[in-house]
Amino acid sequence: MAKAFSASAGIMLAPAVTLIGVFVLLPMLLTIWLSFQDWSTQTPFSEASFVGLGNFHEIFGPTSVGRDFKTALLNTAIYTALSVVLILPLSVVFGLLVYQREVAGGTALRTVLFSTYMVPMIAVALVWSKLYSPSEGPLNQLLWLVGIGPQPWLSSPRSALISIVLLNVWQQVGYFTVLAIAGLTQIPGSLYEAATLDGANGREQFRFITLPLLRRTLLFSAVIAIINAVQVFEPVALITQGGPVGSTNVLTYHIRRVGIERAQGGLGSAMAVMLMLSLIVCVSALFAFVNRKDSE
Amino acid sequence: MSAAARSLSRKRPSGRKALLATAMLLVAVASAFPIAWMVLSSLKTPAETMQVPPVWIPRTPTLEAYDKVAGVVNVGRSMWNSLVIATVTTAGILVTSMMAGYAFAKCSFPRRSLLFSLLIATMFLPPIVTLIPLYRMVGSIGLSASLAGIIVPNLANAFGIFLMRQFIAGVPDDLIDAARMDGASELLILFKIVAPSIAPAIAALALFAFVYHWNSYLWPLTVLQGNADAYPIVISLSRLLSYNRGAVNTGLVMAGATLAVLPPLVLFVFLQRFFVDSIVGSAIKG
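Conventions used here
Residues numbered from 1 in each chain as written. Chains lettered and ligands numbered in written order. Predicted model: local features only at pLDDT ≥ 70, side-chain atom pairs only at ≥ 80, totals over all residues. Heavy atoms only, no water. Contact = heavy atoms within 4.5 Å. Buried area = accessible area lost by both parts, 1.4 Å probe. Salt bridge = Lys/Arg side-chain N within 4 Å of Asp/Glu carboxyl O. Polar contact = N/O pair within 3.5 Å; in protein donor to acceptor, adjacent residues only side chain to side chain. Helix = DSSP H or I, 4+ residues; strand = E, 2+ residues; numbered from the N terminus. Nonpolar A, V, L, I, M, F, W, Y, C, P; charged D, E, K, R; others polar. Buried < 20%, exposed > 50% of the residue type's maximum accessible area, 1.4 Å probe, protein only. Phe/Tyr/Trp six-rings, centres within 6.5 Å; stacked < 30°, edge-to-face > 60°. Lys NZ or Arg CZ within 6 Å of the ring centre and 35° of its normal. 1 Å grid on protein atoms, 1.4 Å probe; cavity = no way out; pocket = protein on both sides within 12 Å on 5 of 7 lines; lining within 4 Å. Points joined across faces, edges and corners; volume = space filled by probe spheres on them. Expected span 1.5 Å × (residues − 1). Axes fitted to C-alpha atoms, helices over the stretch in contact; angles between N-to-C directions. Parallel < 35°, antiparallel > 145°, perpendicular 65-115°, else oblique. Left-handed = near helix turned anticlockwise from the far one by under 90°.

**Student:** Is there a simple way to explain the interface of chain B and chain A in this structure?
**Tutor:** How big an interface is tends to be stated in terms of accessible area lost as the parts join. With 103 residues of chain B in contact, the opposing surface of chain A contributes 95 residues. Carbon and sulfur atoms make up 79% of the area that chain B and chain A hide from each other, which totals about 8,600 Å². Between chain B and chain A we count one salt bridge in total. The interface formed by chain B and chain A contains nine residue pairs in polar contact (both at pLDDT 80 or more). Here the side of chain B that touches chain A gets 17 residues from one element, more than from any other, and that element is helix α15 (residues 250–284) of chain B. For the side of chain B that touches chain A, the residue count by class is 74 nonpolar, 18 polar and 11 charged.

So this is what it looks like as structure tokens:
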């Protein structure tokens, strides 16, 4: 039983549904609507005037608006892909290190790894901007100790984006390690025992048991990692301001600059719509890929 | 672990254990290094922060940098603002999430799964997508440049509803039915009977929401539009960077960062079980 009348369900739902409706769903629909409008963020919504696909023509056009947007889209794609490609394998390796029972200290390692996730991104950005500092920065000093020359990190267009990826990976990998551990605990121990009796070595067990059974966890992790990655804002806003020469100009930073600081609400909304569409395509492709593997 | 597996692990060479231990230590050091370096640097003198090669451990630890932070930004005010934002938002999220989570887990109504899917979909919507219209909306209802403007749009979220539904679904129906027979209202059942039995999950959500909103930067920055009186600590912190560019302010910046990190980190160290529970609850209890 345990089913109440609709009336009381309505009362229970009202606060959350109203708030999410007004402050998430409505602005999302407004973003889509505004993307077809010429509208300044400084003016009321009623002043918007319909321009059809004009904003989309502009953000994909040959002008500087188009160039900047395409750079930001590409930078975000690279940043996201690199983040996922680094975070997922690391989270599995770290997860195995925490989960194994041969050497004590797993829980302590998990605590250390996960604690970075509690550090506000703003503090992460500030600390890493100093860690990356070319002369007195500890990272180059450590590299010098092992015989590697100083790296330009944030100051070169070739390495700035990857430097921000590394900072992001450092902050987030603990969260994904906990997800990986959750996935590992779901794998029945009897599978490993059977495999051991069949003479499978550790590598084979990992390849034929651990990895396939972690697929769902990894899919979930990949989706979360992608969503998190497109939100990168603080390190760019604070340390690089999108530079050097646009190499770290990512979408969240760019959309805010266009839509809020320059008050070009229509253009910014069109960019936000493109971000949303790209995400939908990415995540659907990921699900399709995993489901195809499942049915094999 | 079975007897077979145990005897197998006993046969494993000790070199493997040493390798594992070394790997664990390396990972832990790499992970902890930036935080340790931040705290240590905040205790250095300005000269020490600029030295090459770096001084790792300050020779004469000093709180000078913290004094200077207090001279540049109103630390007390900013910390208070952060506390108000994080606490009020968290309280709101708890109430709205528990109520909606209860409705989805224990009540029947038309289009239940459709509505749930619609709400959950918003969990995957990056805030930047709604930032521009939301900024305008908050401005037109007169909430811009205020703490209320930061708080009100965040009083409910899909993650909270999802998490609460997961855990409330595990509460036995009999318990709820018995209370309904006695004529208890749904709200009373939720707060008197369901809530106590999922207390750890509520704690998990509370901590997560608190830390998330303590740390959040993009939305407060956008809403406040330079109203320094309402700055949370993470935004005050960014002003330290522009206050005095260059290496001289390293200690200052690190002291500010340490102050901002302390509350969430202390919460985490003492209550980490709850944080881990909420992640695990969101990942595998589906």
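**Student:** What is the right way to look at unusual backbone geometry in this model?
**Tutor:** Excluding glycine, residues mostly have negative phi values, and the peptide bonds linking residues are mostly trans. All names here are of chain A. With an omega dihedral of -10°, the bond running from G243 to P244 counts as a cis peptide bond. Considering the arrangement of structural elements, one finds P244 in the loop between α11 (234–240) and α12 (251–261). Non-glycine residue Q241 carries a positive phi angle of around 45°. Here Q241 is to be found in the loop between α11 and α12. Backbone geometry places A263, a non-glycine residue, at a positive phi of 60°. Tracing the backbone shows A263 in the loop between α12 and α13 (265–295). With relative accessibility at 9%, the residue A263 sits in the buried group.

**Student:** Sorry if this is basic, but what is going on with the packing of aromatic side chains here?
**Tutor:** Aromatic ring pairs are reported here in terms of the distance separating the ring centres and the angle at which the planes meet. Evaluated as defined, the whole model comprises 21 aromatic pairs over all chains. When the centroid spacing of 5.7 Å and the interplanar angle of 45° are considered together, the rings of A:F36 and A:F56 count as tilted. Of the two residues, A:F36 sits in the loop between α1 (6–34) and β1 (37–38) while A:F56 sits in helix α2 (residues 54–59), which places them 20 residues apart along the sequence. Here A:F36 falls in the partly exposed class, since its relative accessible area comes to 27%. Through a chain of ring-to-ring contacts, the aromatic side chains of A:F114, A:Y117, A:Y175, A:F176, B:F159, B:F208, B:F268 and B:F275 assemble into a single cluster. Across from the ring centre of A:Y99, 5.4 Å away, lies the NZ or CZ of A:R101, which sits over that ring. Sitting above the plane of the B:F274 ring, B:R273 keeps its charged end 4.6 Å from the centroid.

**Student:** What should I look at first to understand the layout of surface pockets in this one?
**Tutor:** Think of a ball as big as a water molecule: rolled over the atoms, this probe shows where empty space is left. One number sums up the size of the second largest pocket: a volume of about 760 Å³. Every residue lining the second largest pocket is counted, 31 residues in all, and those nearest its centre are A:V223, A:V283, A:F287, B:A121 and B:F124. Elements represented by at least two residues in the lining of the second largest pocket include exactly α1, α10 (215–229) and α13 of chain A together with α6 (112–121), α9 (158–168) and α15 of chain B. Taken together, the residues of the lining of the second largest pocket break down into 21 nonpolar, eight polar and two charged.

**Student:** Sorry, what's going on with empty space enclosed by the protein here?
**Tutor:** In the structure shown here, the tally under the stated rule is four cavities of 30 Å³ or more. The computed volume of the second largest cavity comes to approximately 80 Å³. Surrounding the second largest cavity, A:K130, A:E136, A:G137, A:P138, B:W37, B:K44, B:E48, B:T49, B:Q51, B:P54, B:V55 and B:T250 form its lining. A per-class count over the lining of the second largest cavity returns four nonpolar, four polar and four charged.

**Student:** Sorry, what's going on with helix α5 (residues 75–106) of chain B here?
**Tutor:** Residue pairs three or four apart in sequence face the same way in an α-helix, which turns once every 3.6 residues. Over its 32 residues, α5(B) extends 45 Å from the first C-alpha to the last, a length consistent with the 46 Å expected when each residue adds 1.5 Å. Counted residue by residue, α5(B) has 23 buried out of 32 residues, so it is predominantly covered.

**Student:** Teacher, can you tell me more about the packing of helix α3 (residues 64–99) of chain A against α13(A) here?
**Tutor:** When two helices pack together, their arrangement is given by the angle between the helix axes and by the axis-to-axis distance. Residues and elements named next belong to chain A. Orientation of α3 relative to α13, taken along the N-to-C sense of each, is 30°, at an axis distance of 12 Å. In terms of orientation, α3 lies roughly parallel with respect to α13. The chirality of how α3 crosses α13 is right-handed. Contact residues: V65, F69 and L73 in α3; L267, M271, M274 and S278 in α13. For the contact of α3 with α13, the residue count by class is six nonpolar, one polar and no charged.

**Student:** Looking at this structure, I do not really get the environment of A:W153. What am I missing?
**Tutor:** Residues and elements named next belong to chain A. Looking at where W153 falls in the secondary structure, it is placed in the loop between α6 (138–145) and α7 (160–185). Look at W153 and you get buried, because its relative accessible area is 15%. Contact partners of W153, with chain neighbours within four places excluded, come to Y132, L139, N140, L143, S159, A160, S163 and L166.

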